[in-house]
Amino acid sequence: MTFGLTVLGTATPYPRPGNPCSGYLLRTDRTTVWVDAGPGTLAALQHHHRPDRLDAVWISHTHADHTADLLPYYYALLFADQHPRGPVPLFGPPGLADRLETFLAGATPNPASTAFHVHELHDGHRAEVGDLTLTSHAVHHGLPAFGLRATHDDAVFAYSGDTGPCPALRALADGADLFLCEADGEGPHHCAPEDAATAARGADRLLLTHVGHTLTHAEAAERATAPVARPGDTVTIR
Ligand SMILES: [Zn+2]
């Protein structure tokens, strides 16, 4: 595999049997990034990678279905059989470090400065992680939220995070080899399958994820004319 996406979970807004909430591994031969840490994804990622050997974690927004497994990950890194080489780089929206500290109130050592090295995202934020370049784009979800564009050599992966249809989503997908887009529902804060398909016009391939409870995966796939991500699948980006 040179550049691939492993689907850990896609469920919204709570994990289902056999399907954690949002979480993915973005992988090259040298680099592994955990993209969104929804409940259930820390267990699922251990089928593929050691938690203490992740190169970074990237979080789209602070809703629990994308962040909750940061809490047990903190315990894994500091108080168990995991041996990280140092604080794990954690890229996330402004306020994420405060949320962790509040939830783990009184925890010593402080999670935001020991288990993790927190980097706050802003529109256009760019980070080099191993042989990946991660660029974050502000999207429209009613709170600070980001989509991700990841490049490896000249291959491009794009991920919507959670968002309604917006110009940033089109820009995010434009020219991507693989565009992973949510289809949680109608706007303004989520995409219907048709919205994902429209945003994906400039991308080579669309993969739907985070399909809302009012739709079956088959209905979503038909409406977007695109497949739906399945937990456990690994997809080659290029
Ligand atoms: Zn969500």
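All of the points below concern the structure found in this document.

Cut-offs used in this document
- Residues numbered from 1 in each chain as written.
- Predicted model: local features only at pLDDT ≥ 70, side-chain atom pairs only at ≥ 80, totals over all residues.
- Heavy atoms only, no water.
- Phe/Tyr/Trp six-rings, centres within 6.5 Å; stacked < 30°, edge-to-face > 60°.
- Helix = DSSP H or I, 4+ residues; strand = E, 2+ residues; numbered from the N terminus.
- Buried < 20%, exposed > 50% of the residue type's maximum accessible area, 1.4 Å probe, protein only.
- Lys NZ or Arg CZ within 6 Å of the ring centre and 35° of its normal.
- Donors = N, O, S within 2.8 Å, 3.2 Å for Na, K, Ca; no water.
- Tetrahedral: all angles 85-135°; square planar, octahedral: opposite > 155°, others 65-115°.
- Pairing = 2+ DSSP bridges.
- Axes fitted to C-alpha atoms, helices over the stretch in contact; angles between N-to-C directions.
- Salt bridge = Lys/Arg side-chain N within 4 Å of Asp/Glu carboxyl O.

## Focus: the packing of aromatic side chains
In step 1: Applying the stated criterion to the full structure yields seven aromatic pairs.
In step 2: Taken together, a centroid distance of 6.4 Å and an interplanar angle of 70° make the contact between Trp 58 and Tyr 159 edge-to-face. Placement of the pair is Trp 58 in strand β4 (residues 56-58) and Tyr 159 in strand β10 (residues 155-159), with a sequence separation of 101 residues.
In step 3: On the basis of relative accessible area, Tyr 159 is assigned to the buried category, the value being 1%.
In step 4: Seen from their ring centres, Tyr 74 and Phe 79 are 5.8 Å apart, and the 85° between their planes marks the pair as edge-to-face.
In step 5: Taken together through their ring pairs, the aromatic side chains of Tyr 24, Trp 58 and Tyr 159 make up a single cluster.
In step 6: The aromatic ring of Tyr 14 is capped on one face by Arg 16, whose charged end is 3.9 Å from the ring centroid.

## Notes on the coordination of the zinc ion
In step 1: Those protein atoms acting as donors to the zinc ion are Asp 65 (OD), His 66 (NE2), Asp 162 (OD) and His 210 (NE2), and they sit at 2.1 to 2.3 Å.
In step 2: Coordination geometry of the zinc ion: the four donor atoms subtend angles of 87 to 163° at the metal centre, consistent with an arrangement described as irregular.
In step 3: Read from N- to C-terminus, the donor residues coordinating the zinc ion fall into the pattern D-H-x95-D-x47-H. One end of the pair, Asp 162, is in the loop between β10 and α5 (167-173); the other, His 210, is in the loop between β12 (206-209) and α7 (217-224), and 48 residues separate them in sequence.

## Regarding the sheet that holds strand β7 (residues 126-129)
In step 1: Strand order in the open sheet made by the six strands is β7-β8-β9-β10-β11-β12, with mixed pairing throughout. Edge positions in the sheet fall to β7 and β12, since each has one partner strand and no second. Neighbour-to-neighbour, the strand axes of this sheet turn through a mean angle of 20°, independent of strand direction.
In step 2: For β10 and strand β11 (residues 178-182), the ladder comprises three bridges, and the chain directions are parallel. Within β11, the residue paired with Ala 158 across the bridge is Phe 179.

## Structural notes on the pattern of salt bridges
In step 1: Tallied over the entire structure, the rule returns eight salt bridges.
In step 2: For Glu 186, the salt bridge identified is with Arg 223, shortest N-O distance 3.8 Å. Residue Glu 186 is found in the loop between β11 and α6 (193-199), and its partner Arg 223 is found in helix α7; the two are separated by 37 residues along the sequence.
In step 3: One continuous salt-bridge network, built from bridges that share partners, spans Arg 50, Asp 52 and Arg 53.

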